[in-house]
Structures are given as structure tokens and as C-alpha cells.
Amino acid sequence: MKLTIQQFIEFILSLSKSDRLKIISGVFRELSETEKKEAYEVITKQYLKNERLSRIDAWMESIFTKHYDYTPYKVAMMGLNYFRINRKMKPFMIAYARKVKARVRMRRKLKEA
């Protein structure tokens, strides 16, 4: 019997919470460090992808619009405190702040042209 990814996901979701956590921790135990980082980024992006991410995005954009001289690191740290986000999300928030600042930079460039 060949199991599709969707069937596998449905099977895992049908398990109890403790069994799902055992599966996830077992998978993470077997991954290499780079695979763990990539998986962590995917998981955190999915976790933050909902409305919270759009609120964070709008907040960062307003900060960079008002205070363009702020660094992405500073805004990311402000965001962690303001939104009460776990410190483990710091690398993601810094990368996200860079993307938002790049978007604001391009918008400013277009206005000047």
C-alpha cells in the first residue's frame, strides 16, 4: 500500500496529542542541523502566517516609514517585545524585518523617481 503525503498528514492528525508530539520530536532527533533549521523556519512561518503576521508586517512597515534609520535588528527586537513573541523567533523576525525594510526602501525609491 502506497501512502500519499495527504493521507500521512491525516493519519498523524488522527493521533492523540502526545503521540503527535512523540512523532515530531522523533523526526527532529533524526534530522541534521541544517535540516532542523529549515524545518524550524517552515514551522515558524506557518505558525505566524495567520493574521498575527499581517499585523506584525503592518507594524514593521509603519515603524520603517516613520523611522527609516532604524535597523532591521532594532525593529525585530522591538517587535518581539511589543507582540510578546518567544525569543526563539528572533532569527525569523530579523529576516522578516529585512524584507519589510527592503519593501519600504523600494517604495521610497519609486516615490523619488
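Structure: see above.
This report concerns the structure included in the present document. (Residues numbered from 1 in each chain as written. Predicted model: local features only at pLDDT ≥ 70, side-chain atom pairs only at ≥ 80, totals over all residues. Heavy atoms only, no water.)

## Structural notes on the side chain of Glu61
As a reminder, the rule being used: By the criteria applied, helices consist of DSSP H or I runs no shorter than four residues and strands consist of E runs no shorter than two, each listed in order from the N terminus. Note on contacts: a residue pair qualifies if any of its non-hydrogen atoms lie within 4.5 Å across the two residues.
Within the secondary structure layout, Glu61 lies in helix α4 (residues 51-66). Apart from the residues within four sequence positions on either side, Glu61 is in contact with Val100, Arg103, Val104 and Arg107.

## Some words on the packing of helix α5 (residues 72-82) against helix α6 (residues 90-112)
We count it as follows: Where helices are involved, their axes are fitted lines through C-alpha atoms of the stretch in contact, as for all axes, and angles between N-to-C directions lie from 0 to 180°. By definition in this entry, angles of less than 35 degrees are roughly parallel, angles greater than 145 are roughly antiparallel, angles of 65 to 115 are roughly perpendicular, and the rest are oblique. Helix crossings are classified by the rotation of the near helix relative to the far one: an anticlockwise turn of less than a right angle makes the crossing left-handed, while a clockwise turn makes it right-handed. Side-chain classes follow a simple rule in which Ala, Val, Leu, Ile, Met, Phe, Trp, Tyr, Cys and Pro form the nonpolar group, Asp, Glu, Lys and Arg form the charged group, and the remainder, Gly included, forms the polar group.
Orientation of α5 relative to α6, taken along the N-to-C sense of each, is 125°, at an axis distance of 8 Å. Taken together, α5 and α6 sit at an angle that is classed as oblique. Of the two possible hands of crossing, α5 and α6 adopt the one that is right-handed. Residues Pro72, Tyr73, Ala76, Met77, Gly79 and Leu80 of α5 touch α6, and the partners they reach there are Lys90, Met93, Ile94, Ala97, Arg98 and Lys101. For the contact of α5 with α6, a count of residues per class yields eight nonpolar, one polar and three charged.

## Here we look at the nonpolar core
Going by this rule: Take the buried residues of types Ala, Val, Leu, Ile, Met, Phe, Trp, Tyr and Cys, join any two whose side-chain atoms come within 4.5 Å, and each joined set is a nonpolar core. Each residue is assigned to one of three classes by its accessible area relative to the maximum for its type, calculated with a 1.4 Å probe on protein chains only: buried under 20%, partly exposed between the two thresholds, exposed over 50%.
Met60, Ile85 and Met93 are the most contacted members of the largest nonpolar core, which has 20 residues in total. Where this core is concerned, the elements lending two or more residues are α4, α5 and α6. A total of seven residues in this core trace back to one element, the largest contributor, which is α6. Residues within four places of Met60 in sequence aside, it is in contact with Val75, Ala76, Met93, Tyr96, Ala97 and Val100.

## Let's talk about the packing of α4 against α6
Contact pair α4 / α6: the axes reach a minimum separation of 9 Å and the direction vectors enclose 55°. In terms of axis orientation, α4 runs oblique to α6. Here α4 and α6 pass one another in a crossing that is right-handed. Contacts from Leu53, Ile56, Asp57, Met60, Glu61, Phe64 and Thr65 of α4 reach α6 at Phe92, Met93, Tyr96, Ala97, Val100, Lys101, Arg103, Val104 and Arg107. Class assignment for the residues of the contact of α4 with α6 results in 10 nonpolar, one polar and five charged.

## Here we look at the layout of surface pockets
Short version of the rule: Every definition here rests on a 1 Å grid over the protein atoms only: cavities are sets of points where a 1.4 Å probe fits but cannot get out, pockets are open sets enclosed by protein on both sides within 12 Å along at least five of seven lines, and lining residues have some atom within 4 Å of a point. Grid points are joined across faces, edges and corners, and a volume is the space filled by probe spheres set on the points.
Its volume calculated, the largest pocket comes out at about 480 Å³. Elements supplying a minimum of two residues to the lining of the largest pocket: α1 (5-14), α2 (17-30) and α3 (33-48). Of the residues contributing to the lining of the largest pocket, the split by class is 12 nonpolar, no polar and one charged.

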